[in-house]
Structures are given as structure tokens and as C-alpha cells.
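# Understanding the architecture of this molecule
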Amino acid sequence: MTDQHPQNNSQVKPDWYGDVPMDAKPLQTSMMKQFISIKSKVPDALLLFRMGDFYEIFLEDAKKAAHALELNLTARNKKDDTPIPMAGIPYHALNNYMERLCSMGFKVALAEQEVDPNNPKLMTRILTRVVTPGMPWDSDGTDSRGSCWIAAICGTRNTGVAFLDTRTGALRVTEVEGPIDGWEEIKRMGASEVIVDTRLLSNEIIHTDLQKLSHSSKEPTFFDIRHGRMALKKQLNVDDLTGFGADKLRAGLGAIGALISYARDMAMLNLTHVNNVHVYSVRSQMALDESSLRNLEVLQPLRGADKKHTLLGIVDKTRTSMGGRLLRQWLSAPLIDIKRISSRHDAVEALLSPDLREPIRESLRSVGDLERLGAKLAQEKINPRELLALANSIFSLPLIMDSLSKESVFEGFLPQELPIAIADEICEYLQEDPPTAISEGGIIRQGINKELDEYTELSTNAKAKIMEMEATLREETGITSLKIKYNRVFGYFIEVTKVHKDKAPDTWMRKQTLVNAERFITPELKEFEEKVLSSTEKMRTLEHTIYVELRARLTKSVKKIQDCAYRVAIIDVLSNFAEIAVQYRYARPSVNDSMKLDIKAGRHPVLEQMDFDEVFVPNDVCMDKETNFLMLTGPNMGGKSTVMRQVALIVLLAQVGSFVPADSATIGLCDKIFVRVGASDDLARGRSTFMVEMGETALILNRATSRSLIMLDEIGRGTSTFDGLAIAWAVSEAIHNKLSARTIFATHYHELTTLADQSEHMKNCHVAVAQDQHRVVFLRELREGSCGQSFGIQCAQLAGMPKSVIRRAGSILKNLEKSDAGVGHINQMSIFDIQVEEEKIVEIPSYLTELEQELNQVDPNELSPFEALKFVYELRSLIQKQQ
Ligand SMILES: Nc1ncnc2c1ncn2[C@@H]1O[C@H](COP(=O)(O)OP(=O)(O)O)[C@@H](O)[C@H]1O
Ligand SMILES: [Mg+2]
């Protein structure tokens, strides 16, 4: 469809024409032809077409945009048979509308107008930018705390995954074994858009996920490794990629090449700010799959709850945007290298001292978004106000670096040299409060350029200058009434009263004679006039030129600025950790290579900060090689899920480098954290929830190692009791017997407590409740041993269920407990027994079928007593034969 010629009627009409026929007369103007030709290059984007002071939108796009942005839908050539639907937005409001369209998920293309090189009288339009979810419009208003990644993934065995943040220029790449791992990484990073190798589309998971994600699929050649290598070398301006650790990459280079082509050729982005590539290995970070991140509510709340109620919401007190972005990245990629973890803890510990931390955090306040400012500088689209913000940010750095240089833990980390010279130069050039526009003047300081100073002075001091000239002329000629005046017809002129007209020098040229006065001009005066009148215009042009030159000069320092930005981000996050450690009373965890997990008085970082009637009750959790599996029972609402999540979050925070919400914590390094929640807690998702749950649980069994931390919350709940119990039982057994990973399994199947009694490394524990005659009181305490009953009915009572229903439930429960088929019976079964039982019931022995047939064939009323007796004998012998 992209390449189809719009005028060719034999082709199918693209749907962006709407009701308008392709050969409609109004579409034949040269302007509309331009529109159609550009639109057919980007058929799936809403095209904003610049015409004078407006961006016009035509055809179906106009209807969509008018609806989305509440614009007036009009028509070009209203009187025609086929009016062309049209809507417009004023050019100066572009930022605002662009942001709104992007936030609504539109892909938007921008065509700007310029003078046609072949015909200077004609305007022509060229496509200048395509904005997509992964390559958003970059205006100041956009939220910069989150990263916005566009990803590319390719390769079926060695799979390459690359990510680009077009706003900051950050480029990351990794290689993994196969598409599934690659896809998991894309989900973990939360990419907003993805370019997929068509060979991966047959993968069922990728195929399903793509339905909810903005994407484009490309043939394998688009991910050509050689092309990728060349594109990256060119991008980084190097002959050899070794310095970046990227020389050994293969599919990774293919993914990078795809990203660069796509961003540059399709979106028409200027990528001069992409100066580095971060090659990383997913093996050097903790494996935290997207499902675990979601279940732990690390970055996003479940079911659209308040964003503040996430781990990020609680622990993010960073002062800079790049710090905010880095914190997000760290939280979803904890470390698995004990040395690196400890060195982060050391840094946080040093920053606990208020004398160090407070001045640093205060200075960080005045550091702008160095990363994005640097990116804008590199692309030469930074405006004067932003440039000054860049300088001011740089001026805040020495204080930060000086204080840190006194601490030995930061040795080797601080930048060798700060780009102060750049900041000085910026301040030397720019006025104190420069505008955002670069064509309106008021940018450059006095003293930078003589000519400019003259223009500026002229345009601002023309009046004084005239008075000065007047005085000089009076003195020279002796005409005391001489005046210099101005009108629109003559411009500046000298006026002399009739009486003095003879005193006028010969060099003056007479311009006009009035009744009482004579008017003259002089070459000097005309020159002055010329200067004054054009000075404003010239001043603007010259300022623009000086600014653009300054900006171009400064681009040489972009790398230094980007390097500083990265270091400042780290300092911001580390001092943020120190800040929350102090504010929330967190303790330094000890992370070692044991198999221990010993948390004393641990708290849930998010819950403990929420306003509740009850105070948060801290809990101890201890696991080690001997006991690595806790079977956690207790009534609904007792606090099972909370305890589990708090353990996982404490481990996550510790390995990110933060202190943790506990009195103390010793953590044997965890290589992966898996958190799974039973299906009925997760109804919002599309696929059969039980299947999702099983799929995700299966993934744990395949991927977890003995170093992993597994949290299973009511797994098996999404199906009938027996199936659920059977699955829960089997999964527990498998983890216990085969994986020996540290695991907490929260369940309301009390039958599972028997499993714990029988298994060597498994221990029962429960969240305690106190019960008086009618009510339960949640104690929120984790205790050893199993919990006697589920208190479900008492919970219902707490929840306000009518008394009659509660009473009836109570009596049903008593009956169930009495009956043999109750809980006690199931306790004794292993999963295999259950299967055998079921088979017996299903398979009816053949002789019984025979008996049934025999009986059905006989009418008892027809039988004599003797025949009946004989028949009974026959039936008996049939049965006896079988036994
Ligand atoms: N340690 C605790 N201290 C205080 N309140 C708690 C604690 N643990 C849980 N809660 C409260 O109890 C509610 C239910 O806890 P939850 O862990 O979901 O229970 P369960 O999983 O056993 O049904 C939580 O939303 C919270 O309000
Ligand atoms: Mg729960």
C-alpha cells in the first residue's frame, strides 16, 4: 500500500481517503497532490501538513483529529460536490496538540513547508518527522522521569535485543539465548514500541503480546549484522567497536542497526546525541521477569491503583530527572555481584551523614536534566533558555563533586574534569533571562560582538543619539532652534526656521519647504536612519547567527556533559537511598554467598507508609539450607501475601544497593526472584487466567535455580478444589525435591500442611489470629506451625455478611467436618493417589455393563416365580466368574 500510486484508479483505495473518491477534482491541485504523495509514504500516521500559520489535516485524518482534539471539522472547497474534510491547528500550539495526540496513542507525521528549490515562488512540503509511541515528541512538558524505549529484537537462536531512548540518546544492547529470553527482557524494560524480526512472529507468546504493543515487523534482512556493525561504527564515529565492548556482538548488532535505520530513516530523527552504547548481559543482573515485577508492584500498581502505592512511588525521592530514570532502571535490574552490591551499600552508608548528604541533595535541586539537555545540544536544537539551564546545572556540580571527593568510597568514580569552561562560555554569551525563541533577539550579552552592540545600542538608544546629533549640529551651525525630526515619508530630517535658512551648510540637501521652515537631509543622517531602522532586524539576525555558532561550538563537549549526567544520576540515586534509609529507618543488609535469608523485624516498604488504622506489625523470616521452604497458611486477610511480598521486596532492595525496611537482614545472594499470584487475584488479563498461571508457574520450574527466591501466592486457586490442590501439591513437591530454592508458598489449602510435615526442608508457618467466641482478631504475626482452621466464616462476618447467612454457613461447615469425605481424608493422599482414584470411578468394569444389559432386557411382570429364581442364579454366576 505504501508504494501505490495514488492517482492509479485500478488500485484499491487506501482507507485514509474516506468517502472522497481518489479522482475527486479538489484532489488534483498541486498542493493536494503533495499532501497525497506524503501521506502515502506514512499511511498509518496522522499527517500534519504545514500551510502558512497552520498545520492542516485532511480527509479521514481530519475526522479523527477533530474528534480526538475537539477541533472544528471544516472542509476545503465547501461548495464542491466532494468537499475535502479538513481541520487545522495553529503552528504555535503544535507542542500541546502533539503531546495530546501522542498520549492518545496516535502515530503522527509532520510535513513542514519550505521554498521549492526549483521554483522559488512555490512552496513545497517535506516530511520532517514521524512521531510514534517509542519515539515521542520531545517537548519540555513531557514527563522525563520515565524512560521511553523503542526496542528491536531479532535472531532465532542467538537473539539480539537493543533499546534506544530517543529523548536522551541512551542506547543499550544485549544478546540472549533465544527469542523467549529476549522478549522477557523487552517486557522487563517496559519498551513502548518494538521492531520485530518476522521470524519471531510465529512464537505464540510474542504473537499474543504484540497485540497490545505498538510494533512493526521487518524481514530478517532489516537486521543484517554487517549493516548493523557499520551503522554503529558510523554512529559512534569509530573504526573499531572494541572500546565499547560491542565488537563481539552479532544479533545485537543486527538489532542496533535496525533501530538506527528505523529512527533515522523512518522517524527522520537526528541521532547526533547517540554517542555511546551500553553492552550488558542479562546474566549480570538479577532475573526479574515482568510478571514478578508486576506482582510486586515495583514500578506499576496492579489494577490501576494509585502510582504512589508502588515501590518506586515510596522510594523515589530523587532530585533530578536522570536520577529518577536511573532509579527505575535499577529497581527492575538488581545486581547479582556481591562486590558491586556492597560498594553501593558503602556509598549509601557514607551518605547517611547529614553533613555530606544534605548539601549534595540541595545542590542536586538546581541540576536540570543534563541528559536531555545534552541530547538537545548534540542535535543542535537546544534553545537559549535551555542552554542557560545547562550552564547553571554545570555550576552546581563542583560543590557535589568536592564533597564526595573527601570520601574514599567515591574514589575513581568522580569525573576527572567538569565542563566548567562550557558553562562559563555560555554565561559569557547569554543574557541573564534569555527567551526560548532564537529568532527574536534578546539572547546575546553586550560586549560579545561590536557590530551587535552598535545595533543594540542604536535600536534602544536612537532617541538619545538624535539629541546628541542635534546638539552637535546646533553648535556647528549656530542655529539654536535647529531640530531633528522624523516622519514616515522622509524618515529623519533637519528642520530649520526660515530666519536661519541661510546658515544651512551647502552639504545639506533640501527636502521640503514649508511656510515657516525649511527641511534638509544629510548623508550622515540618512546613514543613521538606515542603521536605526534596520538595526532591530539586523540585531536579530546577528544574534541568531552568534547563537547558532556558539551552539555548534559547544556540541564538541556533548560527551563530557553526557558523562557528567550519568555520574550525577548515580549520585542522585545513592543519596536518595541514604535519604530514605534515614527517613524510613532502613537498615544496611548484609548480602553474602550463603543460602540464608534471615530478616529480623522486616516490614513491607509500601504498606508501612500507608495511612491505616492499625500499626504495621513487623515480622521475622528465617530460611537456610536446612529449611528452605515455608508453607504459609492462615485466614484470608491475615497477612500472608503481605509477608511474602515484603520478603521479596527486601531482597530486591538489598540487591539494588539500597538499605532495607527491617532491623537487620542477612541475605544469601538471590539470582532470580519469582513471584506468582493465583489466578483469581489476577482477573484483568485476557488469556484463560488459569492457563496463564500454570504457564508462568511452569516457567519457574524450568528456570529457577537453588539460588532463586520463589514466592507462590495461592497458586492453583483458579480451578476446582481438587485440581488446584493437586497442582499446588505437585508444584511444592517439585520445588522442594528438585530445586531446593528458597520458597514461600502461601495457601488456603490446609491439606498442604501435611506435605510440610513429611518433607525434610519444608516448614509450616502461619499468620496468627486470636479468636474470642465470635470474632477473629488479626495479629499479623508470623508463627511457626500450621494454622488450625481458615476462619473463612469469621472473615465473612467481619466483611459485613448478613447474620443469617453466617449462621447457615456455620452449620454447613460442621456437617462437612463430620463427614468422612472431608478434609482429613484428602490429607493422606499424594497427587498420584488422586489420579488412581479418579480412574477407578471413570472405568466401569465390563461385566457390570453386561449385567445392566441383561437386566434391562427382562420385563419382571412377564416372569414366572421359577424363571425369576433362575435369572437371579444366572446373574450371580456372572458376577462370581469375575471375582
Ligand atoms: N504486618 C501487617 N501489619 C499491619 N497490617 C497488615 C500486615 N499484614 C497485612 N496487613 C493488612 O491486612 C491486609 C490483608 O493482608 P494480605 O496479606 O492480603 O492477607 P492474605 O494474603 O492473608 O489474605 C493488608 O491489606 C493490610 O491492610
Ligand atoms: Mg493473599
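All of these numbers come straight from a predicted model, not from anything done at the bench. Here the residue numbering is sequential within each chain, running from 1 through the sequence in written order. Lettering of chains starts at A and numbering of ligands starts at 1, both following the order in which they are written. With pLDDT at 70 or above as the cut-off, local features in this predicted model cover only qualifying residues; side-chain atom pairs require 80 or more to be listed or tallied, and sums for whole chains, interfaces and linings still use all residues. As a convention, hydrogens and water are excluded, and side-chain values are obtained from all of the structure's heavy atoms.

Before going further, it helps to spend a moment on the overall build of the chain. Put simply, DSSP H or I for four residues or longer makes a helix, DSSP E for two residues or longer makes a strand, and each gets a number counted from the N terminus. For the chain, the count of helices and strands is 29 helices and 27 strands. Residue contacts follow a heavy-atom distance rule, with two residues in contact if any of their heavy atoms lie within 4.5 Å. Across the chain, every contact between residues at least 6 apart in sequence was considered, and the portion connecting residues at least 24 apart equals 67%. Note on areas: these come from Shrake-Rupley sampling with a 1.4 Å probe, and a residue is covered only by the protein chains present in the view. Total accessible area computed for the chain in this model is approximately 43,500 Å², and 51% of it derives from carbon and sulfur atoms.

Looking now at the nonpolar core. Counting 107 residues, the largest nonpolar core has L331, L370, L387 and L390 as its most contacted members. The element contributing the most residues to this core is helix α19 (residues 558-583), with 14 residues. When sequence neighbours within four positions are dropped, the list of residues in contact with L370 reads M322, L390, S393, I394, L397, I561, A565 and V568. For our purposes a nonpolar core is just a set of buried Ala, Val, Leu, Ile, Met, Phe, Trp, Tyr and Cys residues, chained together by side-chain atoms within 4.5 Å. Accessibility here uses a 1.4 Å probe with only protein chains present; expressed as a share of the type maximum, an area under 20% marks a residue as buried, one over 50% as exposed, and anything in between as partly exposed. Judged by nonpolar contacts, the second largest core, of 30 residues, contains V173, L249, A251 and L253.

Glancing now at the packing of aromatic side chains. Two aromatic rings are characterised by how far apart their centres lie and by the angle between their planes. Each pair of aromatic rings taken from Phe, Tyr and Trp, with Trp reduced to its six-membered ring, is defined by centres within 6.5 Å and is described as stacked if the planes are under 30 degrees apart, edge-to-face if over 60, and tilted in the remaining cases. Counted according to the given criterion, the structure contains twelve aromatic pairs. Ring plane angle 85° and centroid distance 5.5 Å describe the contact between F35 and F49, whose orientation is recorded as edge-to-face. Placement of the pair is F35 in helix α1 (residues 30-39) and F49 in strand β1 (residues 46-51), with a sequence separation of 14 residues. Both residues of the pair, F35 and F49, count as buried. Members of the aromatic cluster, connected to one another through ring pairs, are F35, F49 and F58. In this scheme, Lys NZ or Arg CZ marks a charge over a ring once it lies within 6 Å of the ring centre and within 35 degrees of the ring normal. The ring of Y55 has R50 sitting right over it, with the charged end atom 5.1 Å from the ring centre. We note R344 situated over the ring of W330; from NZ or CZ to the ring centre the distance is 3.4 Å.

This part takes up the pairing of strand β20 (residues 619-623). Side chains on a regular strand alternate between the two faces of the sheet. Burial along β20 is one-sided: N619, V621 and M623 are buried, and none of D620 and C622, which face the opposite way, are. Whether two strands pair comes down to DSSP finding at least two bridges between them. One ladder, built from four bridges, connects strand β19 (residues 597-602) with β20; its direction is antiparallel. Within β20, the position partnered with G602 by the bridge is N619.

Near ligand 1, the surroundings consist of 14 residues, among which V617, M637, K640, S641 and T642 are the closest. Measuring from an oxygen atom of ligand 1, one finds a backbone N or O atom of M637 at 2.6 Å. Measuring from an oxygen atom of ligand 1, one finds a backbone N or O atom of G639 at 3.0 Å. Against a free-state accessible area of 560 Å², the protein chains account for coverage of 84% of ligand 1. Looking at the shell around ligand 1, the element that brings in the most residues is helix α20 (residues 640-656), giving three residues. Classification used: nonpolar for Ala, Val, Leu, Ile, Met, Phe, Trp, Tyr, Cys and Pro, charged for Asp, Glu, Lys and Arg, polar for all others including Gly. Taken together, the residues of the shell around ligand 1 sort by class into six nonpolar, five polar and three charged. Only heavy atoms are used to decide nearness, and a residue is near a molecule or strand if one of them lies within 4 Å of it. For this analysis, a polar contact is any N or O atom pair within 3.5 Å, provided that within protein one partner can donate a hydrogen and the other can accept it, and provided that sequence-adjacent residues contribute only side-chain to side-chain pairs.

The subject of this paragraph is the packing of helix α12 (residues 354-365) against α19. Note on method: axes are straight lines fitted to C-alpha atoms, helices fitted across the in-contact stretch only, with angles between N-to-C directions ranging 0 to 180 degrees. For the pair α12 and α19, interaxial distance at closest approach is 10 Å and the crossing angle is 130°. Accordingly, the angle class assigned to the pair α12 and α19 is oblique. For the element pair α12 and α19, the recorded crossing hand is left-handed. Only V568, I571, D572, S575, N576, A578, E579 and V582 of α19 make contact with α12, whose side of the interface consists of R357, I360, R361 and L364. Looking at side-chain class alone, the contact of α12 with α19 contains six nonpolar, two polar and four charged residues. Just so you know how the angles are binned, under 35 degrees is roughly parallel, over 145 roughly antiparallel, 65 to 115 roughly perpendicular, and the rest oblique. Less than a right angle of anticlockwise turn of the near helix away from the far helix marks a crossing as left-handed, whereas a clockwise turn marks it as right-handed.

A few words now on the packing of helix α15 (residues 397-405) against α19. Here α15 crosses α19 at 60°, and the two axes come no closer than 12 Å. The orientation of α15 relative to α19 falls into the category oblique. For α15 against α19, the interelement crossing comes out left-handed. Along the contact surface, α15 presents L397, I400, M401 and L404, while α19 presents C564, V568 and I571. Tallied by class, the residues present in the contact of α15 with α19 amount to seven nonpolar, no polar and no charged.

Here we take up the sheet that holds strand β3 (residues 74-76). Strand pairing within a sheet occurs via backbone hydrogen bonds; the two strands may be parallel or antiparallel. An order of β3-β4-β2-β1-β5-β6 is seen for the six strands of this open sheet, with the pairing classed as mixed. This sheet does not close on itself; its edge strands, each paired only once, are β3 and β6 (119-131). Averaged over all neighbouring strand pairs, the angle between strand axes comes to 35°, with direction disregarded. With respect to the sheet, α1 is in contact with β1, β2 (54-58), β3, β4 (84-90), β5 (108-116) and β6, its orientation differing from that of β1 by roughly 145°. Packing against the sheet, helix α2 (residues 59-69) makes contact with β1, β2 and β4, and its axis sits at approximately 110° to β2.

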